[in-house]
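Spelled out, the chains give:
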Amino acid sequence: MADQDLDSSFYVARPRRVRIIAIVSSLALCILAAIGWLLLPAEVRALFPLSHRLGLLGILAFPIAVMAVLASSYVRADRSGLRIRNALRVYAMPWERVHKIILRPGDPWAQLLLKPADGRPFEADLDADKRQLMGIQTVDGPLAVAAVNELRVRHRRFLEAH
């Protein structure tokens, strides 16, 4: 779930179980599609023109692409703040905006509560600005807790320095 460079200047958390499921599911889909194609009689396979074969490959590629995009989520922390990739969206959050990093029982992934951008004091209400941290998923258990704790430590260090 986490990668660090040698001098610990950055920390990256990735969803381990989602990545495993995406890889296994993609391989299974490809194998099943190949077996299904090969089990068709040769005269039936010959009835498929190239455009239809490409269409079938496109249909196969779509769920694989969706799984790859979801599995590519991550949270990267460095001295300047957090870089969050949730599927196709990427957010850059400076430490100044971070109020709290939470991972509650029952949540699918961690959340980042943000201070208002205009400098108003943080108010804990339903309208609080937040970002989902899909790179830290609850199903990863102790790895998810360790990732949240690491982000909290880095946030605390930033607060102490400023």
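Structure shown above.
Residues numbered from 1 in each chain as written. Predicted model: local features only at pLDDT ≥ 70, side-chain atom pairs only at ≥ 80, totals over all residues. Heavy atoms only, no water.

A.B. asks: Tell me about the pattern of salt bridges, and name the residues and values.
C.D. replies: One pass over the structure, following the stated rule, counts six salt bridges. With its nearest N and O atoms 4.0 Å apart, the salt bridge here joins R76 to D78. The exposure class assigned to R76 is partly exposed, which follows from its relative accessible area of 28%. On the basis of relative accessible area, D78 is assigned to the partly exposed category, the value being 23%. Across the pair R97 and D129 runs a salt bridge, and its minimum N-O distance is 2.9 Å. Separated by 32 residues along the polypeptide, R97 in the loop between β5 (89-94) and β6 (98-102) and D129 in the loop between β7 (109-114) and β8 (130-137) bring together distant segments of the chain. Its relative accessible area of 18% is what places R97 among the buried residues. (Salt bridge = Lys/Arg side-chain N within 4 Å of Asp/Glu carboxyl O. Buried < 20%, exposed > 50% of the residue type's maximum accessible area, 1.4 Å probe, protein only. Helix = DSSP H or I, 4+ residues; strand = E, 2+ residues; numbered from the N terminus.)

A.B. asks: Which residues make up the layout of surface pockets, and what values do they have?
C.D. replies: Approximately 220 Å³ is the volume found for the largest pocket. Forming the walls of the largest pocket are C30, A33, A34, W37, R53, L56, L57, I59 and L60. Every element with two or more residues in the lining of the largest pocket is listed here: α1 (16-39) and α3 (50-71). Among the residues forming the lining of the largest pocket, the class breakdown is eight nonpolar, no polar and one charged. (1 Å grid on protein atoms, 1.4 Å probe; cavity = no way out; pocket = protein on both sides within 12 Å on 5 of 7 lines; lining within 4 Å. Points joined across faces, edges and corners; volume = space filled by probe spheres on them. Nonpolar A, V, L, I, M, F, W, Y, C, P; charged D, E, K, R; others polar.)

A.B. asks: Describe a nonpolar patch on the surface, naming the residues involved and giving the relevant values.
C.D. replies: Together, I23, L27, I31, I35 and L39 line one region of the surface with nonpolar side chains, adding up to about 530 Å² of accessible area. Take I31: it is sitting in helix α1. (Patch = residues over 30% accessible without salt bridge, like charges linked within 9 Å, V, L, I, M, F, W, Y side chains within 5 Å. Areas by Shrake-Rupley, 256 points an atom, 1.4 Å probe, with all protein chains shown as cover.)

A.B. asks: Now, about unusual backbone geometry: what can you tell me, with residues and values included?
C.D. replies: Notably, A87 is not glycine yet its phi reads approximately 60°, a positive angle. With respect to the secondary-structure elements, A87 resides in the loop between β4 (81-86) and β5. When its relative accessible area of 16% is taken as the criterion, A87 is described as buried.

A.B. asks: Please set out the packing of aromatic side chains residue by residue, giving values where relevant.
C.D. replies: Within the structure shown, the criterion is met by one aromatic pair. Look at W37 and F48: their rings are 5.4 Å apart centre to centre, the planes differ by 65°, and that puts the pair in the edge-to-face class. Taken together, the residues span a long stretch of sequence, with W37 in helix α1 and F48 in the loop between α2 (42-45) and α3 at a distance of 11 residues. Exposure remark for W37: the relative accessible area of 26% places this residue in the partly exposed category. (Phe/Tyr/Trp six-rings, centres within 6.5 Å; stacked < 30°, edge-to-face > 60°.)

A.B. asks: Go over the pairing of β5 with me, naming the residues and quoting the values.
C.D. replies: Bridge count between β4 and β5: six bridges; the pairing is antiparallel. Note on β5: the bridge partner recorded for I84 is Y91. If you look at the hairpin formed by β4 and β5, you'll find two residues sitting between the two strands, and A87 has a positive phi there, around 60°. (Pairing = 2+ DSSP bridges.)

The values reported here are purely geometric and, on their own, carry no functional implication.
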